[in-house]
Amino acid sequence: MATTPESANASTTTEHLDAAADAARTAADETVKAGVTASQLFKDSAAKIGKDAVERAKTYAEDGKARAGGALDEIVKMINDAAGTVDEKLGEQYGQYARTAADKVAGFSEGLKAKELDDLIEDARGFVQKSPAIAIGTAAAIGFVLVRLIQSGLAADTDDKS
């Protein structure tokens, strides 16, 4: 069978089209592979960042727990010191009230130090579930006090600079 220039052009064109289709399929496959790889890399990075954030938050929470325990111990010392003065000025009965309060604060401090962070979080979660109104009120009161402390600190800074 003799090849005519038209049939030679047609077969060359078909070969070029087949080669282009193969190149397009290869490029599409590579694009899909790159997308899957990028997606997995993104997921792995997000998981690592999330894990690092959780670890950092736990570290800060543990530090805060230790500081709170130390602050409570200082409060116990102050109350016990004040109890002697209360004995002298108001009577031993009132001084005993102060000592009882100091013992309660000391017990709370020891309990706080002894509990694991996860147990404290679970206790707080249980408290919020049992008494949501009290939890919201407490959070609002703490927020108010913190704002006032920050504002008074800023006001003191501007007074010092004047």
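Each remark here, short or long, concerns the structure printed above.
Residues numbered from 1 in each chain as written. Predicted model: local features only at pLDDT ≥ 70, side-chain atom pairs only at ≥ 80, totals over all residues. Heavy atoms only, no water.

K.L.:
When you look at helix 2 (residues 92-114) in this model, what are you seeing that I'm missing?
P.N.:
Each α-helix winds once per 3.6 residues, and so residues spaced three or four apart point in a common direction. Along its 23 residues, helix 2 runs 32 Å from first to last C-alpha, staying within 8% of the 33 Å computed at 1.5 Å per residue. Along helix 2, the positions that sit buried rather than exposed are Gly-95, Ala-98, Ala-102, Ser-109 and Leu-112. (Helix = DSSP H or I, 4+ residues; strand = E, 2+ residues; numbered from the N terminus. Expected span 1.5 Å × (residues − 1). Buried < 20%, exposed > 50% of the residue type's maximum accessible area, 1.4 Å probe, protein only.)

K.L.:
Is there a simple way to explain the layout of surface pockets in this structure?
P.N.:
A probe matching the size of a water molecule, rolled over the atoms, marks out where space remains unfilled. Quantified by volume, the largest pocket comes out at close to 190 Å³. What lines the largest pocket is Gly-107, Phe-108, Gly-111, Leu-112, Lys-115, Leu-120, Asp-123, Ala-124 and Phe-127. Those elements that provide at least two residues to the lining of the largest pocket are helix 2 and helix 3 (117-130). A class-by-class count of the residues in the lining of the largest pocket yields five nonpolar, two polar and two charged. (1 Å grid on protein atoms, 1.4 Å probe; cavity = no way out; pocket = protein on both sides within 12 Å on 5 of 7 lines; lining within 4 Å. Points joined across faces, edges and corners; volume = space filled by probe spheres on them. Nonpolar A, V, L, I, M, F, W, Y, C, P; charged D, E, K, R; others polar.)

K.L.:
Is there a simple way to explain the side chain of Ser-109 in this structure?
P.N.:
Along the chain, Ser-109 falls in helix 2. Only 2.8 Å separates the side chain of Ser-109 from the side chain of Asp-73, close enough to count as a polar contact. In this view, Ser-109 contacts Gly-69, Leu-72 and Asp-73; residues no more than four positions away in its chain are not counted. (Polar contact = N/O pair within 3.5 Å; in protein donor to acceptor, adjacent residues only side chain to side chain. Contact = heavy atoms within 4.5 Å.)

K.L.:
Please explain the side chain of Lys-65 as it appears in this structure.
P.N.:
Mapped onto the elements of the fold, Lys-65 is located in helix 1 (residues 5-90). Apart from the residues lying within four places of it in its own chain, the contact partners of Lys-65 are Leu-112, Lys-113, Lys-115, Glu-116 and Leu-120.

K.L.:
Any chance you could explain the pattern of salt bridges here in plain terms?
P.N.:
What the rule picks out here adds up to 11 salt bridges. Across the pair Lys-48 and Asp-52 runs a salt bridge whose closest N-O atoms are separated by 3.2 Å. Note that Lys-48 and Asp-52 are positioned in helix 1 at a spacing of four residues, about one turn of the helix. Here Glu-122 ties to Arg-125 by a salt bridge, and the two come within 3.2 Å at their closest N and O atoms. Note that Glu-122 and Arg-125 are positioned in helix 3 at a spacing of three residues, about one turn of the helix. The exposure class assigned to Glu-122 is partly exposed, which follows from its relative accessible area of 46%. (Salt bridge = Lys/Arg side-chain N within 4 Å of Asp/Glu carboxyl O.)

K.L.:
How do you make sense of a nonpolar patch on the surface when you look at a structure like this?
P.N.:
Side chains of Ile-142, Phe-144, Val-145, Leu-146, Leu-149, Ile-150 and Leu-154 sit close together on the surface and give an oily, nonpolar patch of about 710 Å² of accessible area. Judged by its relative accessible area of 53%, Leu-149 is exposed. (Patch = residues over 30% accessible without salt bridge, like charges linked within 9 Å, V, L, I, M, F, W, Y side chains within 5 Å. Areas by Shrake-Rupley, 256 points an atom, 1.4 Å probe, with all protein chains shown as cover.)

K.L.:
It is not clear to me how the packing of aromatic side chains should be interpreted in this structure. Could you clarify?
P.N.:
Two aromatic rings are characterised by how far apart their centres lie and by the angle between their planes. Per the counting criterion, the structure on display carries one aromatic pair. Taking 5.8 Å as the distance between ring centres and 70° as the angle between the ring planes, the aromatic pair formed by Tyr-94 and Tyr-97 counts as edge-to-face. Here Tyr-97 and Tyr-94 lie together in helix 2, a separation of three residues that amounts to about one turn. Tyr-94 sits in the partly exposed class, given a relative accessible area of 44%. (Phe/Tyr/Trp six-rings, centres within 6.5 Å; stacked < 30°, edge-to-face > 60°.)

Read these as layout, nothing more, since geometry by itself doesn't imply function.
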